[in-house]
Amino acid sequence: MRVLLVGAGGVGTAITRIAARRPFFEQMVVADYDPARAEAAVSALGQDAARFRAERVDAGDEAQVTALLEKYGCDVLLNATDPRFVMPLFRAAQDSGATYVDMAMSLSRPHPERPYEECGVKLGDEQFERAAEWEKAGALALVGMGVEPGLSDVFARYAADELFDEIEEIGVRDGANLTVEGYDFAPSFSIWTTIEECLNPPVVYESGRGWFTTEPFSEPEVFDFPEGIGPVECVNVEHEEVLLVPRWVDARRVTFKYGLGREFIDTLRTLHLLGLDRTEPVTVPSARGPVEVSPRDVVAACLPDPATLGERMHGKTCAGTWVRGVRDGAPREVYLYHVVDNQWSMAEYGCQAVVWQTAVNPVVALELLAGGAWSGTGVLGPEAFPARPFLDLLTAYGSPWGMREQ
């Protein structure tokens, strides 16, 4: 397997450090718009860098990406950029005949008249529109293969196959007790992506009704997270699992709720009130004359890079899938989860917990694809594959998952 990794930020760098310890691939080309970031990711690997190469690429330029795939004979494109670049990278992989893997799907657009009741363009719609083309070509696009979406979807598949006869509800629940010294507001993941998923209308799925939307931060509930994290208030957030799980898993209801915290929600609401969540450029005066900038990009530039926060970060992050249904005629309720302690991930990999937890899952998936344990054609989510090989290999990577009867 020869892999083109596009994006050498926090998650991309973590991917290289995890993959460097595994023998399943022949070469990984690490490409970024900033060549210094790609070179830093490779050079940090030291004696393990022999199978890695650093390159520059504009992720929005399909011709550049295609040329890089061809230059190195890469048969896989792994997308570690933000969701703005999903479609150009997806198309470049399709044009090159390469397997495509991402951790976030094509962007949504709210319904123009009824944004908090009906879906407009849903997450992943642009990719699924091309599913027949991928299947006809005998090629695979594995979409949403991070931690959430990704591992959370694997948990849903595992619950359906091994734990339940009937599933009433699948609810992804994400929470943490992470703190960052020296900052009043320092998101542990890309603020660009966080704004996108938190301020868009959340999507809920119900059988018989299909997909519909609610208002941001709706239906608050307190969820008790394991391994010392404890109770955290969670709210509805737009996320890919709600669009993926019902395609392959039979459940009457699917939700995603994120433990953001009141202060974080208030900050996001203020950004929205001021129009600082917008992606459309605005004209700003400067010493060199008027320039056009995206308000959301300005917000991101003013905040610390999440990848650099590890030394200041303390606590644990938990990603998991809560499932309620019936087994052998009796009610059952479980929470399948994966916890990463920032102290461990920094000591073991030099990566903060949130980016490491996101990065480990696509590497596990690549190894399963390389070995043939996972295979398929078309545009497929993690639920379309057997869960047990993934969960076993994740444990073999030194990062076991857990299950709690509720």
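What you see is a predicted model, and the numbers here were worked out from it, not measured in a lab.

Let us look at the overall build of the protein chain. Within the protein chain one finds 14 helices and 20 strands. Relative to a compact globule of 406 residues, whose C-alpha radius of gyration would be 22 Å, the protein chain shows 20 Å and is just as compact. Referenced to the eigenvectors of the C-alpha coordinate spread, the extents of the protein chain come out at roughly 60 × 50 × 45 Å. Scored against the burial criterion, the 406 residues of the protein chain give a buried share of 57%. Considering only contacts in the protein chain between residues 6 or more positions apart, those separated by 24 or more positions represent 70%. Carbon and sulfur atoms provide 48% of the accessible area of the protein chain, an area that totals close to 16,500 Å². Distance from the positive charge centre (35 side chains) to the negative charge centre (62 side chains) of the protein chain: 1 Å.

Its volume calculated, the second largest pocket comes out at about 370 Å³. Pro 110, Glu 196, Asn 200, Asp 277 and Arg 296 are, among the 18 residues lining the second largest pocket, the residues nearest its centre.

Next up on the list: the side chain of Arg 22. Turning to its location among the elements, Arg 22 is positioned in the loop between helix H1 (10-19) and strand E2 (27-32). Within polar-contact distance, the side chain of Arg 22 engages the side chain of Glu 367 at 3.0 Å. Apart from residues lying up to four places away in sequence, Arg 22 is in contact with Arg 51, Glu 367, Leu 393, Ala 396 and Tyr 397.

Quick look at empty space enclosed by the protein now. By the definition in use, this model includes 1 cavity of 30 Å³ or more. Quantified by volume, the largest cavity comes out at close to 90 Å³. Lining the largest cavity are 16 residues, with Ser 108, Arg 109, Gly 120, Val 121 and Glu 238 positioned closest to its centre. For the lining of the largest cavity, the per-class residue count stands at 7 nonpolar, 5 polar and 4 charged.

Following the criterion strictly, the structure yields 29 salt bridges and no others. Linking Arg 130 and Glu 133 is a salt bridge whose minimum nitrogen-to-oxygen distance equals 3.9 Å. Residue Arg 130 is classed as partly exposed on the basis of its relative accessible area, which comes to 25%. When its relative accessible area of 42% is taken as the criterion, Glu 133 is described as partly exposed. Asp 161 serves as the salt-bridge partner of Arg 157, at 3.0 Å between the closest nitrogen and oxygen. You can see Arg 157 and its partner Asp 161 sitting in helix H7 (residues 151-163), 4 residues apart, about one turn around the helix. Exposure remark for Asp 161: the relative accessible area of 44% places this residue in the partly exposed category.

Pairing within the open sheet is parallel, and its 7 strands lie in the order E3-E2-E1-E4-E5-E6-E19. One side of each edge strand has no neighbouring strand; the edge strands of this open sheet are strand E3 (52-56) and strand E19 (378-380). Strand after strand, the sheet turns through a mean of 20° between neighbouring axes, direction not considered. Looking at chain direction, strand E6 (residues 140-142) and E19 are connected through 3 bridges and run parallel. By the bridge assignment, Leu 140 is partnered in E19 with Gly 378. Packing against the sheet, helix H4 (residues 86-96) makes contact with strand E1 (2-6), strand E4 (76-79), strand E5 (99-102), E6 and E19, and its axis sits at approximately 160° to E5.

The rules behind the values
- All residue numbers here refer to positions counted from 1 along the written sequence of the relevant chain.
- Reporting of local features is limited, given that this is a predicted model, to residues whose pLDDT is at least 70; pairs of side-chain atoms are given and counted only at 80 or more, and all residues count toward the totals for whole chains, interfaces and linings.
- Only hydrogens and water are removed before side-chain values are computed, so all heavy atoms of the structure are retained for them.
- Secondary structure elements follow DSSP: runs of H or I of four or more residues count as helices, runs of E of two or more count as strands, with numbering from the N terminus.
- Throughout, the radius of gyration refers to the C-alpha atoms, and the reference size of a globule is 2.2 Å times the residue count to the power 0.38.
- The cut-offs for exposure are 20% and 50% of the maximum accessible area for each residue type, with area from a 1.4 Å probe on protein chains only; residues under the lower value are buried, those over the upper are exposed, and the others partly exposed.
- Every residue pair with non-hydrogen atoms within 4.5 Å of one another is taken to be in contact.
- Note on areas: Shrake-Rupley with a 1.4 Å probe; residue coverage comes only from the protein chains shown.
- His residues and chain termini do not enter the charge count, which takes Lys and Arg as positive and Asp and Glu as negative.
- Lysine's charge is taken at NZ, arginine's at CZ, aspartate's at CG and glutamate's at CD.
- Points on a 1 Å grid over protein atoms alone make up a cavity when a 1.4 Å probe fits among them but cannot get out, and a pocket when they form an open set with protein on both sides within 12 Å along at least five of seven lines; lining residues each have an atom within 4 Å of a point.
- Grid points are joined across faces, edges and corners, and a volume is the space filled by probe spheres set on the points.
- Polar contact is defined as a pair of N or O atoms within 3.5 Å, subject to the rule that within protein one atom must be able to donate a hydrogen and the other to accept it, and that residues adjacent in sequence are counted only when both atoms are side-chain atoms.
- Gly is placed with the polar residues, together with every amino acid not listed as nonpolar (Ala, Val, Leu, Ile, Met, Phe, Trp, Tyr, Cys and Pro) or charged (Asp, Glu, Lys and Arg).
- Whenever Lys or Arg places a side-chain nitrogen within 4 Å of a carboxyl oxygen from Asp or Glu, that contact is recorded as a salt bridge.
- When DSSP finds at least two bridges between two strands, those strands are taken to pair.
- Only the stretch in contact is used when fitting a helix axis, every axis being a line fitted to C-alpha atoms; angles between N-to-C directions are given from 0 to 180 degrees.

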